Amino acid sequence: KIGWIVGSNGTILKTTNGGSSWNYQITTSTETFNSISILDSERVYIAGTNGEIIKTIDGGEQWIQSGPQTTNNLLSVCSIDSNSSWTVSYEGLIYNTTDSGNNWYTISTSDQSNLLDITFINSLEGIAVSLEGRIYNTHNGGVSWYLSPYYEDTNLKSISFCDSSNGLTVGPNKSIFKTIDGGNI
């Protein structure tokens, strides 16, 4: 029954009744929030413009600044567990924390694609997609990222998996691409 919505000017809305009513969350942020990752009813990460990541560990009672030292717009956030989260931005930059957002590490892809979304299937296997239609894979928990040989000459906006094998990525003009092998093309 708990749900969240994020938007511009630091907007965060929370429902506790399946969407029948929504309550504004109080933050000091004025950034546009682009993505939300919900670990459970208490722990939520939100990524936005100008390098902003905020998190709550108490269901939204308090929001804590938690982002990497960057002014890049963070376009997607994916939390794997209470310690490890990932976010992406343009210029092929991937950011990772392994200590609940206290410290963030920067990883650069080889070609500086404009990354739009990131997801992890499990703690080792992750996938990021770019505006330029590129797909990046990691099989070692993000230590290294490999450009997939698959290339679609269209921007890939979002990626999601329902299990470790089956996933979808979407682009413009109603384009949908499917993987049945965890993105290993």
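Bear in mind the structure is a predicted one, so any value in this text is a computation, not a measurement. (Residues numbered from 1 in each chain as written. Predicted model: local features only at pLDDT ≥ 70, side-chain atom pairs only at ≥ 80, totals over all residues. Heavy atoms only, no water.)

What's the story with the sheet that holds strand β18 (residues 176-179) in this structure? I'm lost.
The strands making up a sheet are joined through hydrogen bonds of the backbone, oriented either antiparallel or parallel. Read from one edge of the open sheet, three strands run β16-β17-β18, paired in antiparallel fashion. What marks the edges here is a single partner per strand, and that holds for β16 (158-161) and β18. Geometrically, the sheet is characterised by an average inter-axis angle of 15° between neighbouring strands, direction not taken into account. Alignment of strand β17 (residues 167-170) against β18, held across four bridges, turns out to be antiparallel. When the bridges of β18 are listed, V170 appears paired with I176. (Pairing = 2+ DSSP bridges. Helix = DSSP H or I, 4+ residues; strand = E, 2+ residues; numbered from the N terminus. Axes fitted to C-alpha atoms, helices over the stretch in contact; angles between N-to-C directions.)

I tried to follow the environment of S110 on my own but got confused; where do I start?
For S110, the position within the fold is in the loop between β11 (105-108) and β12 (115-120). When its relative accessible area of 70% is taken as the criterion, S110 is described as exposed. With 36 residues separating them in the primary sequence, S110 and Y146 have C-alpha atoms 8.5 Å apart. (Buried < 20%, exposed > 50% of the residue type's maximum accessible area, 1.4 Å probe, protein only.)

Looking at this structure, I do not really get the sheet that holds β11. What am I missing?
The strand order across the open sheet built from four strands is β8-β9-β10-β11, with neighbouring strands paired in antiparallel fashion. Each edge of the open sheet carries a strand with a single partner, namely β8 (76-79) and β11. When strand polarity is set aside, the average angle formed by the axes of neighbouring strands in this sheet is 20°. One ladder, built from four bridges, connects β8 with strand β9 (residues 85-89); its direction is antiparallel. Opposite C78, over in β9, you have W86 as the bridge partner.

Would you mind showing me how to read the pattern of salt bridges here?
Side chains that carry opposite charge are capable of pairing whenever their charged atoms lie near each other. For the structure on display, the rule yields two salt bridges. The salt bridge involving R134 is made with D111; its shortest N-O contact spans 3.0 Å. Within this pair, whereas R134 is found in strand β14 (residues 134-138), its partner D111 is found in the loop between β11 and β12, the two being separated by 23 residues in sequence. Given the relative accessible area of 23%, R134 is considered partly exposed. For D111, a relative accessible area of 30% translates into the label partly exposed. (Salt bridge = Lys/Arg side-chain N within 4 Å of Asp/Glu carboxyl O.)

Just to check I follow, could you spell out the nonpolar core for this structure?
Where a protein is soluble and globular, its nonpolar side chains tend to be buried together. Counting 10 residues, the largest nonpolar core consists of C78, W86, V88, I94, L115, I118, F120, A128, Y136 and W145. At the level of elements, β9 and β12 are the ones that each hand at least two residues to this core. Looking at this core element by element, the count peaks at three residues for β12. Excluding residues that lie within four positions of it along the chain, L115 makes contacts with L75, V88, S89, Y90, G92, L93, I94, T109, A128, V129, S130 and Y136. (Core = buried A, V, L, I, M, F, W, Y, C linked by side-chain atoms within 4.5 Å. Contact = heavy atoms within 4.5 Å.)

Could you clarify how one ought to interpret the pairing of strand β2 (residues 12-15) in this entry?
Of the two faces of β2, the one carrying I12 and K14 and the one carrying L13 and T15 are both buried. In this sheet, β2 lies alongside strand β1 (residues 3-6) in antiparallel orientation, the contact comprising four bridges. Directly across from I5, in β2, lies its bridge partner L13. Between β1 and β2, which pair antiparallel and follow one another directly, the connecting turn spans five residues, one of which, N9, has a positive phi of 55°.

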